[in-house]
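Report on the structure
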Amino acid sequence: MSEIKKRYKNKPRKCIFCGSTRIATYVFGYPSSEILKDVEAGKIAIGGCCLGEDEPRWRCSGCGHQFYLKAPWEE
């Protein structure tokens, strides 16, 4: 997986590496059974129990590349 931290203001439409349009949103905290179904479908990615300042916000379900949120001061 690439270490490039490409930043986006909004959820990307497709992966810049593999072209997949299956971009999952990270969910933080303890997952419910409903969320686990979406994880299996590639719609959601589990991010752990705590959200840090520079954690990825989205993940490509095709190749696993992670996308980061652009901070307001980076615009």
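See above for the structure.
Because the structure is predicted, anything quoted here is derived from the model rather than measured.

Rules behind the numbers
- Each chain carries its own residue numbering, running from 1 in the direction its sequence is written.
- In view of the model being predicted, local features appear only for residues whose pLDDT reaches at least 70, and side-chain atom pairs are presented and counted only at 80 or more, with totals across whole chains, interfaces and linings using the full set of residues.
- Heavy atoms throughout the structure, all of them, feed into the side-chain values; hydrogens and water do not.
- Starting at the N terminus, helices and strands are each numbered in turn, a helix being any DSSP run of H or I of at least four residues and a strand any DSSP run of E of at least two.
- Atoms counted for the radius of gyration: C-alpha only. Globule rule: 2.2 Å times the number of residues to the power 0.38.
- With a 1.4 Å probe rolled over the protein chains alone, any residue whose accessible area is under 20% of its type maximum counts as buried; one over 50% counts as exposed, and the rest are partly exposed.
- Any two residues whose heavy atoms approach within 4.5 Å are treated as being in contact.
- All accessibility values rest on the Shrake-Rupley procedure with a 1.4 Å probe; residue burial counts only the protein chains present in the view.
- By the counting scheme adopted, Arg and Lys are positive, Glu and Asp are negative, and His together with the chain ends is not counted.
- A charged residue contributes its charge at one atom only: NZ of Lys, CZ of Arg, CG of Asp or CD of Glu.
- Only the six-membered ring of Trp is used, alongside the rings of Phe and Tyr, when aromatic pairs are assigned; centres must lie within 6.5 Å, and planes under 30 degrees apart are stacked while those over 60 apart are edge-to-face, with the rest tilted.
- Each nonpolar core is a collection of buried residues, namely Ala, Val, Leu, Ile, Met, Phe, Trp, Tyr and Cys, held together in the definition by side-chain atoms within 4.5 Å.

Observations regarding the overall build of the protein chain
When helices and strands are tallied, the protein chain shows 1 helix and 5 strands. Walking the protein chain from its N terminus toward its C terminus, one meets helices and strands in the order β-β-α-β-β-β. In terms of C-alpha radius of gyration, the protein chain reaches 12 Å, essentially the compact-globule figure of 11 Å for 75 residues. With respect to the principal axes defined by its C-alpha atoms, the protein chain has extents near 35 × 25 × 20 Å. Burial analysis of the protein chain (75 residues in total) assigns 24% to the buried set. Contacts spanning at least 24 positions in sequence make up 49% of the contacts within the protein chain whose residues lie at least 6 apart. Carbon together with sulfur atoms contributes 51% to the accessible area of the protein chain, which is approximately 5,300 Å² in total. For the protein chain, the centre of its 13 positive side-chain charges and the centre of its 9 negative side-chain charges are spaced 8 Å apart.

Regarding the packing of aromatic side chains
Using the criterion set out here, one finds 2 aromatic pairs in the structure. With centroids separated by 5.5 Å and ring planes inclined at 75°, the aromatic side chains of Y8 and F67 adopt a geometry described as edge-to-face. Highlighted residues: Y8 in strand β1 (residues 7-8) and F67 in strand β5 (residues 66-69), separated in sequence by 59 residues. The exposure class of Y8 is buried, given its relative accessible area of 16%. On the basis of relative accessibility, which here comes to 0%, the residue F67 falls in the buried class.

Topic: the nonpolar core
Membership of the largest hydrophobic core is limited to 6 residues, which are Y8, C15, I23, W58, C60 and F67. With sequence-adjacent residues up to four places away left out, Y8 is seen in contact with I16, W58, F67, Y68, L69 and K70.

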